[in-house]
Amino acid sequence: MTDAIPTTALQTTPLHALHQELGARLVPFAGYELPVQYPAGLIAEHRHTRTGASLFDVSHMGQLLVSGPEAAAALEGLMPVDLIDLGLGRQRYGLLLNDEGGVIDDLMVFRQGEELFFLIVNGACKAGDIAHIRAHIGQRCEVRVLQDQALLALQGPQAAQALARLVPEVTQLVFMGGAQFDWQGVPLLVTRSGYTGEDGFEISVPAANAEALARALLGQPEVRPAGLGARNSLRLEAGLCLYGNDLDTGTTPAEASLGWAIQKVRRTGGARAGGFPGAERVLAQLADPAQVARKRVGLVALERVPVRDGTELQTLDGTPAGRVTSGLLAPGVDRPIALGYVAPQLAQPGTRLQALVRGKAVPMEVTATPFVPPRYHRG
């Protein structure tokens, strides 16, 4: 989360009054005042997302449309992702990179039309992302910021049955697919995706209709509200990165263990290899692991001591080994878990390390991620 800033400077989402009505505890995040939790509490919200369906307000995130005959090729010039071959109605995880191959932001890209792409970028990065995208491809295609759209995330194993009562056709969607739907005359762009490891949907809705849709969803018996706290613990259990913690401009895709997000066609030997910022370094690291100085790994604490962001990692003899970038006591596995960066020789699952927590050495073990198996609906 960002440092606290004066309340007068904070923006609000179209659901702000509803959050207050529901008793949310509101905190500064990415320049907005957003709910961190509701009266039920973070743990209850987390567990309900794993068993029912939770509604998250993620309207602080940036929504953009990139359009034109060159849109796919132009976007491929910004990120190492196969977008030219991305099918209509399909979504892909992408990485905006700088000239050194560092990650400017991670984002979602949805092909809404042959020459039309819908992008969702992180709230704390959106101003910089928009400026970056416009500066680099604004002459080749239209870049339109959707200022008047809200974004809701309905997540959990019962999300589909809840949303289907309002929009029956959503049951036809599979993971990372999407389409435009109509709800009581309101256009909704719905993708079957999210950031919790559960089945679910992200719904782009006109801001003027966001509260009505949120109330309709909360009126379904499976659905309860959830805040930023549960969203963070859910994504960490799913082994997913949080930009600003686990990713930044000094981190490359190979270091972040995100090589899977770079399709074969964009790699060395592929039909459209390279052509994106930092390509030489990024592709060299993917081809030769010896060029990677550190790796992102999953970690579990062997004692019941939460290991927080920024905690130093050491080998068992006390030699500095890396740093934790995200960590908490995970409600779904009832033990402390973390993501962090270590030297490649220490990245093998089963490797024992220790974390220095308030001067105490807490034993840790490198483990594969995700910590909780995902339950995406793949059809």
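Scroll up to find the structure.
As a starting point, this report considers the structure included with it. Keep in mind that this is a model prediction, so the values were computed, not measured. (Residues numbered from 1 in each chain as written. Predicted model: local features only at pLDDT ≥ 70, side-chain atom pairs only at ≥ 80, totals over all residues. Heavy atoms only, no water.)

Another point: the overall build of the protein. Across its full length, the protein holds 8 helices and 19 strands. With respect to the principal axes defined by its C-alpha atoms, the protein has extents near 65 × 50 × 45 Å. The buried share of the protein, taken over its 379 residues, is 57%. Put simply, of all contacts in the protein between residues at least 6 apart along the chain, 65% involve residues at least 24 apart. Put simply, the protein shows about 15500 Å² of open surface, and 51% of that area lies on carbon and sulfur atoms. Side chains of the protein carry 33 positive and 37 negative charges; the gap between the two charge centres is 5 Å. (Helix = DSSP H or I, 4+ residues; strand = E, 2+ residues; numbered from the N terminus. Buried < 20%, exposed > 50% of the residue type's maximum accessible area, 1.4 Å probe, protein only. Contact = heavy atoms within 4.5 Å. Areas by Shrake-Rupley, 256 points an atom, 1.4 Å probe, with all protein chains shown as cover. Lys, Arg positive; Asp, Glu negative; His and termini not counted. Charge placed at Lys NZ, Arg CZ, Asp CG, Glu CD.)

Moving on, we come to unusual backbone geometry. At the junction of Thr 369 and Pro 370, the peptide bond is cis and its omega measures out at 5° in the coordinates. As for its placement among the helices and strands, Pro 370 is situated in the segment after β19 (360–367).

This part is about the sheet that holds strand β13 (residues 223–225). Judged by pairing direction, the sheet is mixed, and its 6 strands sit side by side in the order β10-β11-β12-β9-β3-β13 without closing on themselves. Looking at strand neighbours, the two that pair on one side only are β10 (178–183) and β13, the edges of this open sheet. Strand-to-strand twist across the sheet, computed as the mean angle between neighbouring axes with direction ignored, equals 30°. Each of β3 (53–57), β9 (149–155) and β13 is contacted by helix α2 (residues 42–51), which is oriented at about 120° to β3, the strand it contacts most. (Pairing = 2+ DSSP bridges. Axes fitted to C-alpha atoms, helices over the stretch in contact; angles between N-to-C directions.)

If you walk through the whole model with that rule in mind, you get 19 salt bridges. Among the ionic pairs, Arg 266 bridges to Glu 76, the shortest N-O distance being 3.7 Å. Within this pair, whereas Arg 266 is found in the loop between α7 (228–237) and α8 (279–287), its partner Glu 76 is found in helix α3 (residues 71–76), the two being separated by 190 residues in sequence. On the basis of relative accessible area, Arg 266 is assigned to the buried category, the value being 2%. Overall, Glu 76 belongs to the buried group, its relative accessible area being 5%. (Salt bridge = Lys/Arg side-chain N within 4 Å of Asp/Glu carboxyl O.)

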